[in-house]
Amino acid sequence: MELLLDKKTLYAVITGDLVGSSEIDYACRKAVLSYMHDSFRFLEKELNLKDDILLSFEIFRGDSFQAVLNPQHALLASMILYLKLGIFDRKRADLSVRISIGIGSIDYLPESGNIGEADGMAFRLSGKALDSMKEKDQYLLITSPDPALDLLFESQCAFFDLTASRWTDIQKEILLGKLSGLTQEEIASMKGKTQSSVSQSLKAAGFDTIRIFLDNYESLFAYPGIFVQSDKNGPEHF
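Keep in mind the model is a prediction, meaning the values are calculated, not measured.

Visitor: Before we move on, could you go through the sheet that holds strand β3 (residues 64-69) and cite the residues and values that matter?
Guide: Across the sheet, which stays open at both edges, the 5 strands sit in the order β2-β3-β1-β4-β5 with mixed pairing between neighbours. In this open sheet, the two edge strands, each paired with only one partner strand, are β2 (53-60) and β5 (140-143). With direction set aside, neighbouring strand axes in the sheet form an average angle of 10°. Judged from the 8 bridges that link them, strand β1 (residues 11-18) and strand β4 (residues 97-104) form a sheet pairing that is antiparallel. Bridging from a neighbouring strand, Y11 pairs with G104 of β4.

Shown next, in the form of structure tokens:
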């Protein structure tokens, strides 16, 4: 897919990797890679995010991945990936994922469309943050060109990490259904539960707080001027 670049436009680069992938049994790696591809297709085809994925997810080094998205929906896509990959068959491998969202401009995409050769502030922010997350035991982080805004993102993501660390497998499945657009009744029917038990699971998992985080994040893009890109030519407002 060809992406026409506009340096005044905000993009989101999602860079992620599987935590502890070196411990995955060799015989299970094919199933893990297949499940990763299935999870990416789930975002593109099953949800209404296909038009928001500007460059499709690519896997590199066997356990890392990257994509370019509309920044407004990058957090939702990241949360869904976090949940989807987190419910992989534990009998085969216990998957968890670390995801970094970099928001900014994109300067270069090769004619080949190879995302690994691309460059720009969004790529640099996403990649650098992912490296630092490994040292701090973080699982979700959003970075932008604005240091003040990043302070808010860091605290919100830290709260997400704390909340997510307490989720049970069934809570992850129910949250995934809810964030994917299913009603409580539809989730209950799929899981063989009552609507009230689904409601209780969502409450225990802190769904309302997660929904506020998503809504507030998406609302920021109604005010693109709050994102500031700093480079050698000085600050540039979007």
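Still to come is the rest of the account.
Visitor: Describe the pattern of salt bridges, naming the residues involved and giving the relevant values.
Guide: In the structure shown here, the tally under the stated rule is 7 salt bridges. The salt bridge involving K134 is made with D17; its shortest N-O contact spans 3.5 Å. On the criterion of sequence distance, the pair formed by K134 in helix α3 (residues 121-136) and D17 in strand β1 is long-range, its members being 117 residues apart. Salt-bridge contacts for E173 lead to K191; the nearest nitrogen and oxygen are separated by 3.0 Å. Of this pair, E173 sits in helix α5 (residues 169-179) while K191 sits in helix α6 (residues 184-191), and the two are 18 residues apart along the sequence. Put simply, D17, R98 and K134 are held in one network by salt bridges that share partners.

Visitor: Can you explain the packing of α6 against helix α7 (residues 195-204)? Please cite residues and give values.
Guide: The interhelical angle for the contact between α6 and α7, taken along N-to-C directions, is 105°, at an axis separation of 8 Å. Considering their axes alone, α6 and α7 lie roughly perpendicular with respect to each other. On the side of α6, the interface is formed by Q184, E185, I187 and A188, while α7 contributes Q195, V198, S199 and L202. In the contact of α6 with α7, the residues fall into 4 nonpolar, 3 polar and 1 charged.

Visitor: Give me the side chain of S100: which residues, what numbers.
Guide: Its place among the elements puts S100 in strand β4. A distance of 2.7 Å separates the side chain of S100 from the backbone oxygen of S126, its partner in a polar contact. Non-local contacts of S100, meaning those with residues more than four positions away in its chain, are made with V13, I14, T15, L125, S126, A129, L130, M133 and L141.

Visitor: Outline the environment of A31, supporting the account with residue identities and numerical values.
Guide: Mapped onto the elements of the fold, A31 is located in helix α1 (residues 29-46). Residue class for A31 comes out buried when judged on its relative accessible area of 18%. Each C-alpha atom, one on A31 and one on D89, is 9.9 Å from the other, the two residues being 58 residues apart in sequence.

Visitor: Quick one: what's the story with the layout of surface pockets, residue by residue and with numbers?
Guide: Approximately 230 Å³ is the volume attributed to the largest pocket. Around the largest pocket, the lining residues are R124, L125, K128, A129, S132, K136, Q138, L141, T143, D150 and E154. Listed by contribution, the elements that provide at least two residues to the lining of the largest pocket are α3, β5 and α4 (147-164). Sort the elements by how many residues they give to the lining of the largest pocket and α3 lands first, with 6 residues. Along the lines of polarity and charge, the residues of the lining of the largest pocket split into 3 nonpolar, 3 polar and 5 charged.

Visitor: Describe the pairing of β4, and please don't skip the residues or the numbers.
Guide: Buried residues dominate β4, accounting for 8 of its 8 residues. With burial as the criterion, each face of β4 is covered, one bearing V97, I99, I101 and I103 and the other bearing R98, S100, G102 and G104. Strand direction decides the pairing type here: β4 and β5, joined by 4 bridges, are parallel. Each bridged residue has a counterpart across the sheet, and for I101 the counterpart in β5 is I142. A crossover connection joins β4 to the parallel β5 through α3; in handedness this β-α-β unit is left-handed.

Rules used throughout
Residues numbered from 1 in each chain as written. Predicted model: local features only at pLDDT ≥ 70, side-chain atom pairs only at ≥ 80, totals over all residues. Heavy atoms only, no water. Pairing = 2+ DSSP bridges. Helix = DSSP H or I, 4+ residues; strand = E, 2+ residues; numbered from the N terminus. Axes fitted to C-alpha atoms, helices over the stretch in contact; angles between N-to-C directions. Salt bridge = Lys/Arg side-chain N within 4 Å of Asp/Glu carboxyl O. Parallel < 35°, antiparallel > 145°, perpendicular 65-115°, else oblique. Contact = heavy atoms within 4.5 Å. Nonpolar A, V, L, I, M, F, W, Y, C, P; charged D, E, K, R; others polar. Polar contact = N/O pair within 3.5 Å; in protein donor to acceptor, adjacent residues only side chain to side chain. Buried < 20%, exposed > 50% of the residue type's maximum accessible area, 1.4 Å probe, protein only. 1 Å grid on protein atoms, 1.4 Å probe; cavity = no way out; pocket = protein on both sides within 12 Å on 5 of 7 lines; lining within 4 Å. Points joined across faces, edges and corners; volume = space filled by probe spheres on them. Right-handed = clockwise from strand over helix to strand, strands pointing away.

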